[in-house]
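Per-entry structural report
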Amino acid sequence: MFKNNKDEKKASSFESINELFTKAQKSHDFGQFSLTNKKGHFILSYYNTLIDRIQLQRRVLHIFQEPSFDFSYIKKIDDIKQTIPIEDIVITDNIEAIQTKLLKGYAILQIKKNDNKVALINLSNEKYDIYSKNAFYFLYCYIPFLFVFIYMKQKIMKQQNNVVSHN
């Protein structure tokens with residue numbers, strides 16, 4: 001039984017980035033496009049619903065659209081960390097790590113189409129996490145105050161009713 005699970009895991013893992021992309025391209029949600037100007041070229045790949053488009057625009061596309069950005073400083077993928085002012089970039093050639101990060105809302109940045117070593121940029125769509133944190137904060141902080149406010153208001157109204165009824 002355990003042997004079958006191991007064999008299934010091996011069968012589902014990919015040997016190269018091209019195999020991963022071939023499988024991912026079967027999804028209508030998977031997007032790939034080239035960032036090209038006169039000075040250079042990059043390929044960006046991601047799942048549309050897993051990334052935050054605002055982060056994509058602000059953190060990645062904005063940088064590449066700057067006239068002062070020079071692609072020529074990036075000879076290999078490792079140079080991206082020193083050239084692009086984006087925090088939390090992961091450089092790896094581990095296909096399993098790339099697949100895992102891709103499914104968690106990371107974008108894959110490549111210099112050449114067949115490069116197995118890529119830069120992973122966190123663009124995850126975290127708005128649901130933010131909403132749940134805000135809801136928790138509201139429940140934890142404001143609802144107890146709301147109950148205290150209602151209790152105090154009822155107490156004040158009782159006192160006012162007592163004063164009115166004695167007159």
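This report concerns the structure included in the present document.

Quick look at the pairing of strand E5 (residues 118–122)
Most of E5 sits inside the fold, with five of its five residues counted as buried. Of the two faces of E5, the one lined by Val118, Leu120 and Asn122 and the one lined by Ala119 and Ile121 are each fully buried. Note that strand E3 (residues 89–92) and E5 share four bridges and pair antiparallel. Looking at the pairing, Ile89 lines up with Ile121 of E5. Alignment of strand E4 (residues 106–110) against E5, held across four bridges, turns out to be antiparallel. Across the sheet, the residue bridging to Ala107 is Ile121, located in E5.

Thoughts on the side chain of Thr92
With respect to the helices and strands, Thr92 occurs in strand E3. A polar contact is formed between the side chain of Thr92 and the backbone nitrogen of Asn94, at a distance of 3.0 Å. Dropping the residues within four chain positions of it, Thr92 is found in contact with Ile98, Asn116, Lys117, Val118 and Leu120.

What about the pattern of salt bridges?
With the rule as written, the count across this model stands at two salt bridges. The partner of Asp79 in a salt bridge is Lys76, and the shortest N-O contact between them spans 3.7 Å. We classify Lys76 as partly exposed; its relative accessible area is 48%. Note that Asp78 and Lys117 form a salt bridge whose closest N and O atoms lie 3.1 Å from each other. Residue Asp78 is located in the loop between helix H3 (53–65) and helix H4 (80–83), and its partner Lys117 is located in the loop between E4 and E5; the two are separated by 39 residues in the primary sequence. Accessibility expressed as a relative area gives 28% for Asp78, which makes it partly exposed.

What to know about the pairing of E4
Strand residues, when the strand is regular, have side chains that alternate between the two faces of the sheet. With respect to burial, E4 is a largely interior element, five of its five residues being buried. Of the two faces of E4, the one holding Tyr106, Ile108 and Gln110 and the one holding Ala107 and Leu109 are both buried throughout. As defined by bridge partners, strand E2 (residues 40–47) adjoins E4 across three bridges and the pair is classed as antiparallel. Bridge pairing links Leu44 to Leu109 in E4.

Quick notes on helix H2 (residues 17–24)
For the α-helix, the turn length of 3.6 residues means that residues three or four positions removed from each other point alike. Turning to H2, its buried residues number three or more, namely Ile17, Leu20, Phe21 and Ala24. All buried residues of H2 fall inside an arc of 95° around its axis, so they share one side.

Regarding the nonpolar core
Among the nonpolar cores identified, the biggest contains 25 residues, and Phe42, Val60, Phe64, Ile80, Ile84 and Leu109 are the most heavily contacted of them. Of all the elements in the fold, those that place two or more residues in this core are E2, H3, E3, E4 and E5. By size, the runner-up hydrophobic cluster in this structure holds 14 residues, among which are Phe21, Leu102, Tyr106 and Leu120.

Cut-offs used in this document
Residues numbered from 1 in each chain as written. Predicted model: local features only at pLDDT ≥ 70, side-chain atom pairs only at ≥ 80, totals over all residues. Heavy atoms only, no water. Buried < 20%, exposed > 50% of the residue type's maximum accessible area, 1.4 Å probe, protein only. Helix = DSSP H or I, 4+ residues; strand = E, 2+ residues; numbered from the N terminus. Pairing = 2+ DSSP bridges. Polar contact = N/O pair within 3.5 Å; in protein donor to acceptor, adjacent residues only side chain to side chain. Contact = heavy atoms within 4.5 Å. Salt bridge = Lys/Arg side-chain N within 4 Å of Asp/Glu carboxyl O. Arc of directions from axis to C-beta. Core = buried A, V, L, I, M, F, W, Y, C linked by side-chain atoms within 4.5 Å.

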